[in-house]
Amino acid sequence: MSRLIRGVSKNARFVLVDTKDIVQEALDIHKCSPTAIAAFGRLLSAAEMMGATLKGEDVLTLRTTTDGPLSTMVATVDRDGVKGYMSNPEADLPTKANGQPDVQGLVGRGTLHVIKDLGLKDPYVGVSTIESGEIAYDIAYYYVTSEQTPTVIALGVDLENEGTVRSAGGYMIQLLPGAEEKFIVELENKIAAIRSVSELFRGGMDLERILHLLYEDMSDENHEKLVEPYEILDSKEIKYNCNCDREKFYKGVITLGKEQLEEILAERGEIEAECHFCGKRYSFKREDLGEIL
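Residues numbered from 1 in each chain as written. Predicted model: local features only at pLDDT ≥ 70, side-chain atom pairs only at ≥ 80, totals over all residues. Heavy atoms only, no water.

> Outline the sheet that holds strand β4 (residues 72-78), supporting the account with residue identities and numerical values.
Across the sheet, five strands lie side by side as β5-β4-β3-β6-β7; this open sheet has antiparallel pairing. Only two strands of the sheet have a single neighbouring strand rather than two, namely β5 (81-86) and β7 (124-130). Each strand axis lies, on average, 15° off the axis of its neighbour in the sheet, ignoring direction. Alignment of strand β3 (residues 59-66) against β4, held across six bridges, turns out to be antiparallel. Looking at the pairing, Thr64 lines up with Met73 of β4. Sitting on the sheet, helix α4 (residues 135-146) touches β3, β4, β6 (110-117) and β7, and the angle it makes with β7 is about 125°. (Pairing = 2+ DSSP bridges. Helix = DSSP H or I, 4+ residues; strand = E, 2+ residues; numbered from the N terminus. Axes fitted to C-alpha atoms, helices over the stretch in contact; angles between N-to-C directions. Contact = heavy atoms within 4.5 Å.)

> With reference to specific residues and values, describe the packing of helix α5 (residues 181-193) against helix α7 (residues 207-215).
Two numbers describe a pair of packed helices, the interaxial angle and the distance between the axes. Contact geometry for α5 and α7: axes closest at 9 Å, N-to-C directions at 125°. With respect to α7, the element α5 is oriented oblique. Residues Phe183, Lys190 and Ile191 of α5 form the contact with α7, whose participating residues are Leu213, Leu214 and Tyr215. (Parallel < 35°, antiparallel > 145°, perpendicular 65-115°, else oblique.)

> An account of the nonpolar core is requested, with residue identities and associated values reported.
One broad rule of soluble globular proteins: the nonpolar side chains tend to lie buried together. Leu62, Met73 and Ile139 are the most contacted members of the largest nonpolar core, which has 67 residues in total. The dominant element in this core, judged by the number of residues it contributes, is helix α2 (residues 34-50), at eleven residues. Residues in contact with Leu62, not counting those within four places in the same chain, are Leu43, Ala46, Ala47, Met50, Met73, Val74, Ala75, Leu112, His113, Val114 and Ile139. Listed in part, the 22 residues of the second largest apolar core include Ile5, Ala12, Phe201 and Tyr215. (Core = buried A, V, L, I, M, F, W, Y, C linked by side-chain atoms within 4.5 Å. Buried < 20%, exposed > 50% of the residue type's maximum accessible area, 1.4 Å probe, protein only.)

> I'd like to hear about the packing of aromatic side chains, residue by residue, with values.
A full pass over the atoms with the stated rule returns eight aromatic pairs. In textbook terms, an aromatic cluster arises when at least three aromatic residues are bridged by ring pairs, as seen for Phe14, Phe183, Tyr215 and Tyr230. When the ring centre of Phe277 is taken as origin, the NZ or CZ atom of Lys83, which lies over that ring, is 4.4 Å away. (Phe/Tyr/Trp six-rings, centres within 6.5 Å; stacked < 30°, edge-to-face > 60°. Lys NZ or Arg CZ within 6 Å of the ring centre and 35° of its normal.)

> Give me the lowdown on the pattern of salt bridges, citing residues and values where you can.
Any two side chains of opposite charge can pair if their charged atoms end up close together. If you walk through the whole model with that rule in mind, you get 16 salt bridges. Two residues, Arg281 and Glu274, come together in a salt bridge whose shortest N-O distance is 3.2 Å. (Salt bridge = Lys/Arg side-chain N within 4 Å of Asp/Glu carboxyl O.)

Right, here's the structure in full:
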């Protein structure tokens, strides 16, 4: 079960996610290479954290357009879950010298678009440079440059083998306006000292334990004293969720126009459409399109 917790302390707000099941479903749907799922899983996890407070029909979309072999990734999140796709899921690169997937090389450099549809006349679109190809760094860079919000974000995907996700998830801590310098220094020291997200999950830590670790006072040998108290405001199950249906695809198909529809039907006998997000296929025959032919 994938989970999310979020909350706040005096100087910061935080979101943590365990997205193992979500990333496993994405891997099963898109048949990603090991390096591609390492990158894509990071983006899905980031989208869940960035959309943690979405309400009603609000939707947040992350889109990367880069010069690496992966080229394009999209992750869309709403209150019902997250979904996504990428342009080249089979793209792969050899692991780095330390045995880790070369996510940076696969992603490359380019542009990150953050699109927030909050029910207003026009969606908000934030644009940021992807300089490192390491998803966590580039999203933190977006927050600092586009929203002026100092952010620490860590993401990880760990595979047992090419078809099985051992763990996936991450955490995001954002400083509140007027955050105290002492807290900032403590946070910087803690982030530098703790292990990677994947190692923490591999060691058996759940989200609550990782959160406690992030707020632990490192001077306390008993690991009980906190830098400051925190409150968990929300804890919920999250999932990979695609809301496609036949009606939506029908509306898309008829936009092709009568002439083009007739050509396709004459050649193939049916019109087939496939959902980028979940791989589900929808077939339309002449009798399904009778009202416009």
